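Chain residues, written in single-letter form:
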Amino acid sequence: AVNLLEGDFKKKMYLSHSTNDISVISERSLLCIATDQINHAGPEFVEASQRNVFAAWNLSVGKELSASFNFGCALHYYDQGISFIGKDFWIIEFLVDGTQLCLDLYQGAAEAASSIRHDSKVAYYTNSIIRNAPFESTLPAWVILMSSLESSGKHFEIIEKGFNLMRIMKIEIPTTPPSIMDIMESMTKTTIFASRYCINQGVGISQKRPDKQNRNLLRLFDAITVAAYSVSSPYLPLLTFEMVYYCLQNEFFETESAVAFAGFGYFHIALKQDYEKGKYWAKIALEILKQTRPSSATVRARWMLYGHIMLWFIPLKEAARKLFATNQLGMKQGDFKTAVSALTLSTNIALLEGENLLLLTRDRFSEMKKVVKYNIECAKLAVLDVVLVDELRGENTNPFAIFDGKFSSVDDLMMDAVTNKNINLISNIYFRRLFLAFWEGNYDVAESHLRDISSLPSAKQPKLTTIYLTFFSGILAFHRYRQSQAEKDLRLGMDAICKFEFWLKFSPSNFENKLFLLNAEQTSLLDIEEAKKHYEASIKSARDNGRVHEQGLANELMGKTFSTVANKSAYAIEC
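Chemist: Explain the overall build of the protein chain to me, please; I cannot follow it from the model alone.
Modeler: Regarding its fold elements, the protein chain presents 29 helices and zero strands. Counting across all 575 residues of the protein chain, residues that qualify as buried make up 55%. Taking the intrachain contacts of the protein chain between residues at least 6 apart in sequence as the baseline, contacts between residues at least 24 apart amount to 64%. When the accessible area of the protein chain is evaluated, it comes to approximately 25700 Å², of which 53% is carbon and sulfur surface.

Chemist: Please explain the packing of helix H21 (residues 410-419) against helix H22 (residues 423-439) as it appears in this structure.
Modeler: Helix-helix packing is characterised by the crossing angle of the two axes and by the distance between the axes. Contact geometry for H21 and H22: axes closest at 9 Å, N-to-C directions at 145 degrees. For the pair H21 and H22, the sense of crossing is left-handed. On H22, the residues touching Val410, Asp411, Leu413, Met414, Ala417 and Val418 of H21 are Leu425, Ile426, Ile429, Tyr430 and Arg433. Across the contact of H21 with H22, the residue classes break down as nine nonpolar, no polar and two charged.

Chemist: In this structure, what is going on with a positive patch on the surface? I would like to understand it.
Modeler: There is a patch of like positive charges on the surface, built from Lys290, Lys317, Arg321 and Lys322. Among the elements that take part in the positive patch, helix H16 (residues 316-333) stands out by supplying three residues, more than any other. Within the secondary structure, Lys317 sits in helix H16.

Chemist: It is not clear to me how the nonpolar core should be interpreted in this structure. Could you clarify?
Modeler: Nonpolar side chains in soluble globular proteins tend to end up buried together. Phe261, Leu305, Ile309 and Trp312 are the most contacted members of the largest nonpolar core, which totals 144 residues. With near-sequence residues (within four places) excluded, Phe261 lies in contact with Val244, Cys247, Leu248, Phe253, Trp281, Ile284, Ala285 and Ile288. Membership of the second largest hydrophobic core comes to 36 residues, among which are Leu103, Leu105, Ala112 and Ala141.

Chemist: What should I look at first to understand the packing of helix H13 (residues 255-272) against helix H14 (residues 275-291) in this one?
Modeler: Relative orientation of the contacting elements H13 and H14 amounts to 170 degrees, with a least axis distance of 7 Å. One element, H13, and the other, H14, form an angle in the roughly antiparallel class. The residues of H14 that touch H13, namely those facing Thr255, Ser257, Ala258, Phe261, Ala262, Phe264, Gly265, His268 and Ile269, are Tyr275, Lys277, Gly278, Trp281, Ile284, Ala285, Ile288 and Leu289. Class assignment for the residues of the contact of H13 with H14 results in eleven nonpolar, five polar and one charged.

Chemist: What is the right way to read the pattern of salt bridges from this model?
Modeler: Side-chain pairing between opposite charges can occur once the charged atoms of the two side chains come close. Evaluation of the coordinates by the stated rule reveals 19 salt bridges. Across the salt bridge formed by Glu157 and Lys161, the nearest N and O atoms sit 3.8 Å from each other. Placement of the pair is Glu157 and Lys161 together in helix H9 (residues 155-168), with a separation of four residues, close to one helical turn. Across the salt bridge formed by Asp411 and Arg433, the nearest N and O atoms sit 3.0 Å from each other.

Chemist: Just checking my understanding: could you explain the environment of Ile116 for this structure?
Modeler: For Ile116, the location among the structural elements is in the loop between helix H6 (101-115) and helix H7 (119-132). On the accessibility criterion, Ile116 (34% relative accessible area) is partly exposed.

Chemist: Please explain H16 as it appears in this structure.
Modeler: Three- or four-residue spacings in an α-helix give side chains the same orientation, since the helix completes a turn every 3.6 residues. With 18 residues, H16 should reach 26 Å at 1.5 Å per residue; the first-to-last C-alpha distance of 25 Å fits that figure. When H16 is considered as a whole, its buried residues turn out to be Leu316, Ala319, Ala320, Leu323, Thr326, Asn327, Leu329 and Gly330. Against the buried residues of H16 lie helix H15 (296-309), helix H17 (336-352), helix H24 (464-484) and helix H26 (508-523). With its phi angle positive at about 85 degrees, Gly334 sits one or two positions after the end of H16.

Chemist: Please explain the side chain of Glu447 as it appears in this structure.
Modeler: Inspection of the secondary structure assignment puts Glu447 in helix H23 (residues 443-454). Accessibility expressed as a relative area gives 11% for Glu447, which makes it buried. With residues near it in sequence (within four places) discarded, Glu447 still touches Leu476 and Arg480.

Chemist: In this structure, what is going on with the side chain of Thr561? I would like to understand it.
Modeler: Looking at where Thr561 falls in the secondary structure, it is placed in helix H28 (residues 548-563). Judged by its relative accessible area of 7%, Thr561 falls in the buried class.

Chemist: Is there a simple way to explain unusual backbone geometry in this structure?
Modeler: Note: most residues except glycine have negative phi, and most peptide bonds are trans. Residue Asp404 is not a glycine yet carries a positive backbone phi of 50 degrees. Tracing the chain through its elements places Asp404 in the loop between helix H20 (376-393) and H21. Despite not being glycine, Gln485 shows a phi value in the positive range, around 60 degrees. Among the secondary structure elements, Gln485 is positioned in the loop between H24 and helix H25 (487-504). Classification of Gln485 by relative accessible area gives partly exposed; the value is 48%.

Rules used in this analysis
Residues numbered from 1 in each chain as written. Predicted model: local features only at pLDDT ≥ 70, side-chain atom pairs only at ≥ 80, totals over all residues. Heavy atoms only, no water. Helix = DSSP H or I, 4+ residues; strand = E, 2+ residues; numbered from the N terminus. Buried < 20%, exposed > 50% of the residue type's maximum accessible area, 1.4 Å probe, protein only. Contact = heavy atoms within 4.5 Å. Areas by Shrake-Rupley, 256 points an atom, 1.4 Å probe, with all protein chains shown as cover. Axes fitted to C-alpha atoms, helices over the stretch in contact; angles between N-to-C directions. Left-handed = near helix turned anticlockwise from the far one by under 90°. Nonpolar A, V, L, I, M, F, W, Y, C, P; charged D, E, K, R; others polar. Patch = residues over 30% accessible without salt bridge, like charges linked within 9 Å, V, L, I, M, F, W, Y side chains within 5 Å. Salt bridge = Lys/Arg side-chain N within 4 Å of Asp/Glu carboxyl O. Lys, Arg positive; Asp, Glu negative; His and termini not counted. Charge placed at Lys NZ, Arg CZ, Asp CG, Glu CD. Core = buried A, V, L, I, M, F, W, Y, C linked by side-chain atoms within 4.5 Å. Parallel < 35°, antiparallel > 145°, perpendicular 65-115°, else oblique. Expected span 1.5 Å × (residues − 1).

Structural data, given as structure tokens:
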């Protein structure tokens, strides 16, 4: 096998058992053939002094295959390399030799196993690194492990492990959940610190590239933040502020920094209702993304930007297109959870904006079987969308078949979400039930689901569904008021109007027809002729912006209103 490698190339492989890059492209296939022959013989037939050399061959072939996304084969070679060095090589590596052969093999194996969703092997390889390597060398392993736990929905375990790591690194994380006062104080400190820097949409201060240690720390922040978001952890704002502080202090403007700045913008909206400042930080994040190479962090930044911030400032259909593009990028980068979350948001917008349901079914859910293979949490969200479209179209495409009997209904998903405290999934289920009940005209059932959503810890977080929850809430409140004459119902309806009046200045096309309709419902209680003007304005605005279903709703509510008023039957018939 050795004789297959000629000249300088053979000499190079012998002399450097830690070779990480084989620059002679034409010789790569020969290396693979030679490595296969050595592997076939096995380490017991190789002299002990040469085993690390052949381990390095397996490492090189594994890296080559990983680079071409052939992770299953790559894992085989990493495993073979590990079999050559033996379990005691950790001691030699870090106490005597000082090389990274063992670490690279285990880390490569962990990354490959994570890519093919072999969670037990991910746990084995990463825990081997964590137990044996110096702490400063273990951060990549921790990030890989957390990614694997994330795909299995083990969010609380990620948060616990992540906080322990941060405390080891002297990053202050409170041992008890922060109060709103703690959060606001931390946000104020971070805002004051950020004001020291002259940042013009991501350009204006010197930019440093983080070394491997700092980049891994940013990725650790990112992994914990994703888990905290999934369970609506009260620690989420503090994590975001800490990451912003860290990036600014070290002048790091990488893709992970864009995630932090997008989150900072989001919390300006969520905690202070400062939409302009939220938009400012969002633009900084977008500028960073323009200047950096795409990665999984790019996917999460775009998901936050277009799914939670920019949708207040750009037409919703444009946000849907951006999120669909984010889904495509996420699939390429291997971040399947964020990819499906982006697709879910894009689909939500499409549904809420009145897109053709047949197109949604055909174009948006063809990849579900691939999704469940890599991330079952993503598949749950995708199936919810298919179920909703099925119910709206009166069909049953049996989307639960992809779970092979583990889940057979939305109720099964709800039970699983409650058991695992998956607030994001619970909220998605409630919203789809509310959406369906509202458009079926079953307002009592819609009221019940609205109360369910309002009871969740994530209810006050501004997001896409906030727009429609506010809209539905206002319509339902005026509906109740007509029956109860209760002042609290009138106040709830007026609160919805106030919110839409505030949002209108940011993007009229997104909010105008809904505000006209809410005003029509409120005005109809006092002045039917004035109400007619608002109904007609809502109908026109909905038609102009392509919201056929909301155009129909305005006609329906106008008809109901006039049908209850004496001498207005002609208006009712017209509607």
